[in-house]
Number of protein chains: 2
Amino acid sequence: MPAHPAPTLEDVAARAGVSRATASRVVNGDPRVREAARVAVNAAVTELSYRPNRAARRLVTRAADSIAVVVPESDERVFSDPFFSGTLRGVTRALGSLPMQVVLVMGNPDDGDHRMERYLRGGHTDGAIVVSHHQNDNLWRVLAETQLPSVFLGRPYAAEARAPYVDVDNAAGAALAARHLIERGCRRVGTVTGPLDMSAGQDRLRGWQETLEAAGLETDLVEHGDFTAAGGAEATQRLLERCPDLDGLFAASDQMAVAAIGELGVAGRRVPDDVAVVGYDDSAAATMSRPALTTVVNPISEMASRAVDLLLRVMDGEVVEPAILPTGLVVRESA
Amino acid sequence: MPAHPAPTLEDVAARAGVSRATASRVVNGDPRVREAARVAVNAAVTELSYRPNRAARRLVTRAADSIAVVVPESDERVFSDPFFSGTLRGVTRALGSLPMQVVLVMGNPDDGDHRMERYLRGGHTDGAIVVSHHQNDNLWRVLAETQLPSVFLGRPYAAEARAPYVDVDNAAGAALAARHLIERGCRRVGTVTGPLDMSAGQDRLRGWQETLEAAGLETDLVEHGDFTAAGGAEATQRLLERCPDLDGLFAASDQMAVAAIGELGVAGRRVPDDVAVVGYDDSAAATMSRPALTTVVNPISEMASRAVDLLLRVMDGEVVEPAILPTGLVVRESA
DNA sequence: CTGAAAGCGCTAACAA
DNA sequence: TTGTTAGCGCTTTCAG
C-alpha cells in the first residue's frame, strides 16, 4: 500500500525553501509574496501534488462549507418532479462559485426511517434549505432543536415554525387562474388540488375557492391530487364522473394539468373548447403540452436564489424576514 | 448578533465536571465511562446545545466524510432518467449509516462550464463515483491527475483510464435480447442505440450486431438514440420509415422502448404481434408499460453498492479489480 | 516581504 | 475508569 502520507504544507515549504507561513500565503493567493518565492512554492506544490487539508483549513478559518437541501419526499418523487430539479439547479447557481457543497437529503420521514432526522441532528452540514415540507414531517421542530441555520422554501405549515422562508402568494396565483377561467365564461369550474398537508396545496385551493365564491359560483368541484401526473389523472376522472358538464379546471401543478388534458382527451372533451384548463408552475411541460398550457408562474429559480441568500445571512447570524415573490399568469392555448 | 461562540468540548467538560477526554468518550459512545459521568456529560451537552466541530474531529481521525456522485449530464437528464435516481438511491443505501455525505455533482462538461472539473480538483470530497461517463468528458484524466480515489459505474470509455469500475456485460445483455427476438421468429430486427460515446451504448450495439450476424440476419437497421424517451421516439420513426416491415426491435433503454411502443402504436403496429420490442434496464417503467416490457435486467442498485464497496476500499489504499455483475432477461408481454 | 509562534477543537496514546 | 499530554495541518497575528 502506498504508505505515502499526504504531503503537508510543511513539506511544500521545506521543498521550496520557505516557511510554512509563506507557503500558505502562496497557496491562498496572498499578494504579499516575492515572485521568486511564489514560483518556488508553486513548483513544490505540483511536484508533491500537494492538496490542502480541508479539515485543517476549516478548523482555523471557521468557514462553512456545506448546506443541505432537504426534501421530505421519496427519491422517486424527487427525481420525477421538475420542481425539485429546478430548485436544486437554482440553489447550485445561486451558490455560484462559493466553495460550498450542496448535499441533497431526501427521504420520507413518515415511513419510520429517521435517517433524515439523524442526519440533520448529526451536524453534518452548516445550514439547510427545506423544500417540500409537509404538515407532519416535524422538520421545523428538528431544525429548531438543533439550531441549524435553515430556511424554508415554501411557507412552513406549522405556525409554530418561526423559521424564515421564501414563498410566493399561492392563493393570489390560484385566484389569477380562477379569475381567468371565469372571465373566459366558465361556469362549472373544478380544481385538482395539491397535497393538503402542504401550505402550497392549501393556499392554492383557498385562492380558487374565494374567487369562485366572489363570483357567485359553486365551489364543490374539488378533487384531491398530490402534484403528480398519476394523481392528477385520477382526480380528473373523479371530477368528470361527478360533473360531466365541467367546463373549467384549475390544476395545482403543471404535471397534473397535463395529465388532466390527457384524461379529458380520453373522455372525448376538447381543450380548451369544452373544458378550459389552467395549470400551476409554468414548467417546461407547460410549453411542450398540446395544447400549450395556460398556467400560473412559479418562479422556482428566483425562490431558490432568495432562499440561498437568506440562508447565507442566517448562517452569518443575521435575523431575516420572510420573502414573498410576485407571481403572474401566462396565457397560452389551454384556457 | 449572538456573539455566542459555539460551545466546545472543553465547555461541556467543565460544566459536567470532568475532563475533556471523558467528555469526548461520552460523546463518541465509548463504553468505558462511569454512568454518573455519562449522565452529567449528556446533560451538559443538551444544556449547552453542544455540537462537535466536524473539522476538528476530522483533522485528527483522518476519517473521510464525503463522496461525490459525479454525473456528466445536464440536470434535466439526471432528474428525468430513473437510472440516476436508482444509482443515487443505491449509493445512499450502501453507505448505510456511515457518517458520510453524498454530494451529487452534475453538469455538462461539454458546454464550456468547467465547474465539475474545478470542483473535483478542489479536493472537496474524499472520493468519487462517476456514473454516466462519456468519451470526451475527460473525467478519467482529471481524476487521475488529482489522484482522487474514484470508481466508475460503467466501464470507462478510454482504455487509458486505469480506474476500477463496476459494470455488467452489456454486450451479453444485448445478445440475450437479440436472441430472444430471433427465437421468437423476428427476421427484420432493428435497434435503437444508446449514446455511442458511452461504453454501455457501444457494447449493447455490439451485442445486438454480433447476435444478428451469427444468425445470418441483416444488421443495417440501426438508429441512434440517447437513452431518453424523446430520442427513442424519433429513432423509432426513422426506423419505421426505412423499414416498414420491421418485426423486431431492441431498444437500449426502457425509456426508449416505451417511447418506441408509443410510436409504433401511432404508426398502427401492434406490439408484440406486428413488432416485438425488448428494452434494457428492467426499470419501473417496464412493468407499468402497456404491454409490459420484456427487458434486460440492469442491476442498478447492486452496481451502486459494489461501486461504494470498491470506492471505500480504494480510499483505504487498497488496489481493487473491476467487478462485472451478471445480467439476465425478463420476459413479459412486449416480446 | 517573511518567519516564528500561537492556537483552532478534537481524539488517542499513555499514565495514573 | 479517568486525566494528562501531544499533536492533526492549517492560518494568522506579530515581529522583524
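What counts, and at which threshold
- Residues numbered from 1 in each chain as written.
- Chains lettered and ligands numbered in written order.
- Predicted model: local features only at pLDDT ≥ 70, side-chain atom pairs only at ≥ 80, totals over all residues.
- Heavy atoms only, no water.
- Near = heavy atom within 4 Å.
- Polar contact = N/O pair within 3.5 Å; in protein donor to acceptor, adjacent residues only side chain to side chain.
- Helix = DSSP H or I, 4+ residues; strand = E, 2+ residues; numbered from the N terminus.
- Nonpolar A, V, L, I, M, F, W, Y, C, P; charged D, E, K, R; others polar.
- Axes fitted to C-alpha atoms, helices over the stretch in contact; angles between N-to-C directions.
- Parallel < 35°, antiparallel > 145°, perpendicular 65-115°, else oblique.
- Contact = heavy atoms within 4.5 Å.
- Least-squares fit on C-alpha atoms with pLDDT ≥ 70 in both.
- Buried < 20%, exposed > 50% of the residue type's maximum accessible area, 1.4 Å probe, protein only.
- UniProt positions renumbered as here; feature names shortened; annotations may be inferred.
- Buried area = accessible area lost by both parts, 1.4 Å probe.
- Pairing = 2+ DSSP bridges.

## Looking at the protein's contact with DNA strand C
Working step 1: By nearness alone, 28 residues border DNA strand C, and Arg25(A), Arg34(A), Arg62(A), Leu9(B) and Tyr50(B) come closest of all.
Working step 2: When the atoms of DNA strand C within 4 Å of the protein are grouped by moiety, sugar and phosphate amount to 64% of the total.
Working step 3: The separation between a phosphate oxygen of DNA strand C and a polar main-chain atom of Ser19(A) is 2.9 Å.
Working step 4: Separating a base nitrogen of DNA strand C from a side-chain N or O atom of Arg20(B) is a distance of 2.8 Å.
Working step 5: Among the elements that line the surface near DNA strand C, the one with the most residues is helix α4 (residues 54-61) of chain B, at 5 residues.
Working step 6: Class assignment of the residues belonging to the surface near DNA strand C gives a composition of 13 nonpolar, 7 polar and 8 charged.

## Re the packing of helix α1 (residues 9-16) of chain A against helix α2 (residues 20-27) of chain A
All names here are of chain A.
Working step 1: Where α1 meets α2, the axes come as close as 8 Å, and the angle between the chain directions of the two elements is 100 degrees. Of the possible angle classes, the one that applies to α1 and α2 is roughly perpendicular. In this structure, α1 contributes Leu-9, Glu-10 and Ala-13 to the contact, and α2 contributes Arg-20, Ala-23, Ser-24 and Val-27.
Working step 2: In terms of residue class, the contact of α1 with α2 is built from 4 nonpolar, 1 polar and 2 charged.

## Topic: the relation of the copies chain B and chain A
Working step 1: With an RMSD of 0.3 Å, the fit of chain B onto chain A corresponds to turning through 180 degrees and sliding 0.1 Å along the axis. Such a combination of rotation and displacement between the chain copies is what one expects of a two-fold axis. For chain B, the residue whose C-alpha comes nearest the rotation axis is Ala55(B), separated from it by 2.1 Å.
Working step 2: Comparing interface residues between copies, 98% of those in chain B also sit at the interface in chain A, which points to an isologous, same-surface contact.

## Concerning the environment of Phe152(A)
All names here are of chain A.
Working step 1: Residue placement: Phe-152 occurs in strand β4 (residues 150-153).
Working step 2: You can call Phe-152 buried: its relative accessible area is 1%.
Working step 3: Once the C-alpha coordinates of Phe-152 and His-133 are considered, the two residues, 19 residues apart in sequence, prove to be 7.8 Å apart.
Working step 4: Discounting chain neighbours no more than four positions away, the residues touching Phe-152 are Val-130, His-133, Trp-140, Leu-143, Ala-163, Pro-164, Tyr-165 and Val-166.

## Considering the UniProt feature "domain: HTH lacI-type" (unreviewed entry) in chain A
Working step 1: Under the UniProt annotation, "domain: HTH lacI-type" (unreviewed entry) lies at residues 7-61 of chain A.
Working step 2: Along residues 7-61 of chain A one finds 69% helix and 0% strand; the C-alpha atoms at either end are 20 Å apart.

## Some remarks on the protein's contact with DNA strand D
Working step 1: Taken together, 28 residues surround DNA strand D, and among them Leu9(A), Tyr50(A), Arg25(B), Arg34(B) and Arg62(B) come closest.
Working step 2: Across the atoms of DNA strand D situated within 4 Å of the protein, the share located in sugar and phosphate is 61%.
Working step 3: In this structure, Arg25(B) approaches DNA strand D through a side-chain N or O atom, which is 2.6 Å from a base oxygen.
Working step 4: Secondary-structure elements contributing two or more residues to the surface near DNA strand D are α2 and α4 (54-61) of chain A together with α2 (20-27) and α4 of chain B.
Working step 5: Ranked by the residues each element gives to the surface near DNA strand D, the list is headed by α4(A), at 5 residues.
Working step 6: Across the surface near DNA strand D, the residue classes break down as 13 nonpolar, 7 polar and 8 charged.

## Describing the interface of chain B and chain A
Working step 1: With 40 residues of chain B at the contact, the number on the chain A side is 41 residues.
Working step 2: Of the roughly 3,300 Å² buried at the junction of chain B and chain A (both faces included), carbon and sulfur atoms supply 52%.
Working step 3: The interface formed by chain B and chain A holds 0 residue pairs in polar contact (both at pLDDT 80 or more) in total.
Working step 4: Secondary structure elements with two or more residues in the side of chain B that touches chain A: α4, α5 (75-80), α6 (82-95), β2 (101-106) and α7 (115-121) of chain B.
Working step 5: Class assignment for the residues of the side of chain B that touches chain A results in 16 nonpolar, 15 polar and 9 charged.

## Here we look at the environment of Ser132(B)
Residues and elements named next belong to chain B.
Working step 1: If you trace the backbone, Ser-132 turns up in the loop between β3 (127-130) and α8 (139-146).
Working step 2: Taking the C-alpha atoms as reference points, Ser-132 and Phe-83, 49 residues apart in sequence, are found 9.8 Å from one another.
Working step 3: The residues touching Ser-132, leaving out its near neighbours within four places in the chain, are Val-70, Val-71, Pro-72, Glu-73, Phe-84, Asp-137 and Met-198.
Working step 4: Only 2.6 Å separates the side chain of Ser-132 from the side chain of Glu-73, close enough to count as a polar contact.

## Notes on the sheet that holds strand β10 (residues 294-297) of chain B
All names here are of chain B.
Working step 1: Across the sheet, which stays open at both edges, the 6 strands sit in the order β7-β6-β8-β9-β10-β12 with mixed pairing between neighbours. Bordering the open sheet on either side are β7 (222-224) and β12 (329-330), each of which pairs with just one other strand.
Working step 2: For strand β9 (residues 276-281) and β10, the ladder comprises 4 bridges, and the chain directions are parallel. Looking across to β10, one finds that Gly-279 is bridged to Thr-295.

## Quick word on the sheet that holds strand β8 (residues 248-251) of chain A
Residues and elements named next belong to chain A.
Working step 1: If you trace the 6 strands from one edge of the open sheet to the other, you get β7-β6-β8-β9-β10-β12, paired in mixed fashion. Single-partner strands in this sheet number two, and they are β7 (222-224) and β12 (329-330).
Working step 2: Alignment of strand β6 (residues 189-193) against β8, held across 4 bridges, turns out to be parallel. Its bridge partner being in β8, Val-189 is matched across the sheet by Gly-248.
Working step 3: Taken strand by strand, helix α9 (residues 170-183) contacts β6, β8, β9 (276-281), β10 (294-297) and β12, and its axis lies near 165 degrees from that of β9.
Working step 4: Of the strands in this sheet, β6, β7 and β8 are in contact with helix α11 (residues 229-242), which crosses β7 at around 150 degrees.

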